[in-house]
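In case you want the letters, here they are:
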There are 2 protein chains.
Amino acid sequence: MKPPSEKTAGRRSSRPSFEPLQPHEVELADFFVRMAGILGVPRSVAEIYSLLYAASAPLDFDQIQGRLGMSKGSVSQGLKFLRDHEMVLSVKAKGDRRERWQPTPSLAASLVTLLRSQVLPALELAQPSLQRVLEGAQKKGASPEVIERLGRLNRWNARALELFPLLLPPPPGS
Amino acid sequence: MKPPSEKTAGRRSSRPSFEPLQPHEVELADFFVRMAGILGVPRSVAEIYSLLYAASAPLDFDQIQGRLGMSKGSVSQGLKFLRDHEMVLSVKAKGDRRERWQPTPSLAASLVTLLRSQVLPALELAQPSLQRVLEGAQKKGASPEVIERLGRLNRWNARALELFPLLLPPPPGS
DNA sequence: GCCATAGTTCAAAAATTATTGAAATGTCTG
DNA sequence: CAGACATTTCAATAATTTTTGAACTATGGC
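Definitions and limits used
- Residues numbered from 1 in each chain as written.
- Chains lettered and ligands numbered in written order.
- Predicted model: local features only at pLDDT ≥ 70, side-chain atom pairs only at ≥ 80, totals over all residues.
- Heavy atoms only, no water.
- Least-squares fit on C-alpha atoms with pLDDT ≥ 70 in both.
- Helix = DSSP H or I, 4+ residues; strand = E, 2+ residues; numbered from the N terminus.
- Buried < 20%, exposed > 50% of the residue type's maximum accessible area, 1.4 Å probe, protein only.
- Contact = heavy atoms within 4.5 Å.
- Pairing = 2+ DSSP bridges.
- Axes fitted to C-alpha atoms, helices over the stretch in contact; angles between N-to-C directions.
- Near = heavy atom within 4 Å.
- Polar contact = N/O pair within 3.5 Å; in protein donor to acceptor, adjacent residues only side chain to side chain.
- Nonpolar A, V, L, I, M, F, W, Y, C, P; charged D, E, K, R; others polar.
- Buried area = accessible area lost by both parts, 1.4 Å probe.
- Salt bridge = Lys/Arg side-chain N within 4 Å of Asp/Glu carboxyl O.
- Parallel < 35°, antiparallel > 145°, perpendicular 65-115°, else oblique.
- Left-handed = near helix turned anticlockwise from the far one by under 90°.
- Expected span 1.5 Å × (residues − 1).
- Phe/Tyr/Trp six-rings, centres within 6.5 Å; stacked < 30°, edge-to-face > 60°.
- Lys NZ or Arg CZ within 6 Å of the ring centre and 35° of its normal.

A. Seen up close, the relation of the copies chain A and chain B. Placing chain A over chain B gives an RMSD of 0.1 Å and needs a rotation angle of 180 degrees, together with 0.0 Å of translation along the axis. Expressed as an axis order, the relation between the two copies is that of a two-fold axis.

Structural data, given as structure tokens:
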């Protein structure tokens, strides 16, 4: 598999080197990085996803690391993030030790998973808290306007919490 | 400039001190800070909005600074952000020099403005870029699968760009 | 079991983003 | 229009987030 003499062409510190990114791959990465930014997803994660998205075949760990020129740690954490959000999946050819990664078929579904994981916990956490805030304000004798605002906020949150799962249903495997 | 003796009960460096936050105000701030975090809005901005949201009457600059214990710079920038996104508006009592701030009536509308400002520019920027990426991939003879993926991404972006203004129409004053 | 390979962990370093505050810039008011 | 007051600006600092890499763990093949 590997040339016995020179390992994987590995330079000094374990960072395999591969063909640098093509211009169109760079431009796609820019796109994904910007979009990811809006959702607070780190650059390295977006770059990995982008690379897989534009790849004609699944890529393994070393190929990802090599072509993006990033550290093992980042690749590992990035793939973990993408796995956790069901944005990539691995195929393993039989008799092959390493995993090879490709994007999940539906980007739409991936985004849903991502949004769910960010928004749902926040909504759930908020519910009892907002309740208490409203009570606190009432007890303190806040103005009717404030009471009205806080009540509206409560109802909104409740409705969002109830609607969200309908709009973005959880994937079967969770 | 600085109080030789003592002005608004100001401590050392020009920071007026006011009544500290009530428990329910703190809890509401936590909520807004968390939600803002999802959209990448800084804590200080969320705190200001939260304070105004729970306030029975509009607050002026010094009250905001004092009750939140933050710097003048942060209050100024925070209010600018909120103003720019039409999340607060100022009322000025006649014969009064300072502005007094309150949240815009509709939180929903505020969120729309915020989302627009984040997402629309990204979508617009992406359009020509994605076009080029697709062409680049075609020229490079990428696999049919990749071409299909990139084509889908293009159509998505175009559709989003076209739908977004319908879903979240720009406010009259812009 | 043992070695080699594949991937993970996590503390430290680097990069990014937010906040501060002192100086600058208005702008009302007398 | 002068001077006080309200707000903005922005370079410096602080806080936070991301990335790195070396040590560690896990797994498969012999």
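B. Expanded view of the environment of Val-112 of chain A. All names here are of chain A. Positionally, Val-112 belongs in helix H5 (residues 107–139). In this structure Val-112 comes out as partly exposed when scored by relative accessible area, which is 22%. Spatially, the C-alpha atoms of Val-112 and Leu-167 are 9.3 Å apart, while their sequence positions differ by 55 residues.

C. Examining the environment of Pro-58 of chain B more closely. All names here are of chain B. You can see Pro-58 is positioned in the loop between helix H2 (43–53) and strand E1 (59–60). Pro-58 sits 32 residues away from Ser-90 along the chain, and the two C-alpha atoms are 7.9 Å apart. Excluding its chain neighbours within four sequence positions, the residues that come into contact with Pro-58 are Gln-63, Val-91, Arg-100, Trp-101 and Gln-102.

D. Representation of the sheet that holds strand E3 (residues 100–103) of chain A in the model. Residue and element names in this part refer to chain A. Read across the sheet, 3 strands follow the order E1-E3-E2 without closing on themselves; strand pairing throughout is antiparallel. Two strands in the sheet have a free side with no partner beyond their single neighbour: strand E1 (59–60) and strand E2 (88–91). In this sheet, E3 lies alongside E2 in antiparallel orientation, the contact comprising 4 bridges. Residue pairing across strands places Val-88 opposite Pro-103, the latter belonging to E3. Strand contacts of helix H2 (residues 43–53): E1, E2 and E3, with the helix running at about 90 degrees to E3, the strand carrying the most contacts.

E. Representation of the protein's contact with DNA strand C in the model. Around DNA strand C, the structure places 20 residues, and the nearest of them are Ser-76 and Arg-97 of chain A together with Arg-15, Ser-44 and Ser-74 of chain B. Sugar plus phosphate: this is where 61% of the atoms of DNA strand C within 4 Å of the protein reside. For DNA strand C, a phosphate oxygen lies 2.8 Å from a polar atom in the side chain of Ser-76 of chain A. Arg-97 of chain A places a polar side-chain atom, nitrogen or oxygen, 2.8 Å from a base oxygen of DNA strand C.

F. Representation of the protein's contact with DNA strand D. Neighbouring DNA strand D are 20 residues; Arg-15, Ser-44 and Arg-97 of chain A together with Phe-61 and Ser-76 of chain B lie closest to it. Take the atoms of DNA strand D that sit within 4 Å of the protein: sugar and phosphate atoms are 58% of them. Contact between DNA strand D and Gln-77 of chain B: a base nitrogen at 3.0 Å from a side-chain N or O atom of the residue. Here a base oxygen of DNA strand D and a side-chain polar atom of Arg-97 of chain B are 3.1 Å apart. Looking at the surface near DNA strand D, the elements that each hand over two or more residues are H2 and helix H4 (72–84) of chain A together with helix H4 (72–84) of chain B. The element best represented in the surface near DNA strand D is H4 of chain B, accounting for 5 residues. For the surface near DNA strand D, the residue count by class is 3 nonpolar, 9 polar and 8 charged.

G. Quick peek at the interface of chain A and chain B. Each side of the interface is counted separately: chain A has 42 residues, and chain B has 42 residues. Each partner contributes to the roughly 3400 Å² buried at the junction of chain A and chain B, and carbon and sulfur atoms together form 66% of this total. Our count for the contact surface shared by chain A and chain B stands at 2 salt bridges. The residue Glu-27 of chain B makes a salt bridge to Arg-132 of chain A at a minimum N-O spacing of 2.4 Å. Counting across the chain A and chain B interface gives 14 residue pairs in polar contact (both at pLDDT 80 or more). Those elements that provide at least two residues to the side of chain A that touches chain B are helix H1 (23–38), H2, H5 and helix H6 (144–167) of chain A.

H. A look at the packing of helix H1 (residues 23–38) of chain B against H2 of chain B. All names here are of chain B. Where H1 contacts H2, the two axes come as close as 8 Å, and the packing angle between them is 135 degrees. Put simply, H1 runs oblique to H2. In this structure, H1 crosses over H2, and the sense of that crossing is right-handed. Between H1 and H2, the contacting residues are Glu-25, Leu-28, Ala-29, Phe-32, Val-33 and Ala-36 on the first element and Arg-43, Ala-46, Glu-47, Tyr-49, Ser-50, Leu-51 and Tyr-53 on the second. Looking at side-chain class alone, the contact of H1 with H2 contains 9 nonpolar, 1 polar and 3 charged residues.

I. Seen up close, the sheet that holds E1 of chain B. Here 3 strands make up an open sheet; going across it, the order is E1-E3-E2 (chain B) and the pairing antiparallel. Strands with a single pairing partner mark the edges of an open sheet, and in this sheet they are E1 and strand E2 (88–91) of chain B.

J. Expanded view of H1 of chain A. Between its terminal C-alpha atoms H1 of chain A stretches 23 Å, which fits the 22 Å expected from 16 residues at 1.5 Å a residue. A positive backbone phi angle near 75 degrees is found at Gly-40 of chain A, which sits one or two residues after H1 of chain A.

K. Summary view of the pairing of strand E3 (residues 100–103) of chain B. All names here are of chain B. Because side chains alternate across E3, one face comprises the buried residues Trp-101 and Pro-103, and the other comprises Arg-100 and Gln-102, none of which is buried. As defined by bridge partners, E1 adjoins E3 across 2 bridges and the pair is classed as antiparallel. What sits directly across from Leu-59, in E3, is Trp-101.

L. Just the packing of aromatic side chains, in detail. The full count for this structure, using the stated rule, is 8 aromatic pairs over all chains. Pairing Phe-31 of chain A with Phe-32 of chain A gives two aromatic rings, centres 5.3 Å apart and planes at 65 degrees, and the pair type is edge-to-face. Look at Phe-32 of chain A and Tyr-49 of chain A: their rings are 5.2 Å apart centre to centre, the planes differ by 80 degrees, and that puts the pair in the edge-to-face class. Of this pair, Phe-32 of chain A sits in helix H1 while Tyr-49 of chain A sits in helix H2; the two residues are 17 residues apart in sequence, bridging distant segments of the chain. Grouping residues by exposure puts Phe-32 of chain A and Tyr-49 of chain A together as buried. Through successive ring pairs, a cluster of aromatic residues spans Phe-31, Phe-32, Tyr-49 and Tyr-53 of chain A. Geometry around Tyr-53 of chain B places Arg-149 of chain A over its ring, the cationic atom sitting 5.8 Å from the centre.

That's the geometry; what it means functionally is another story.
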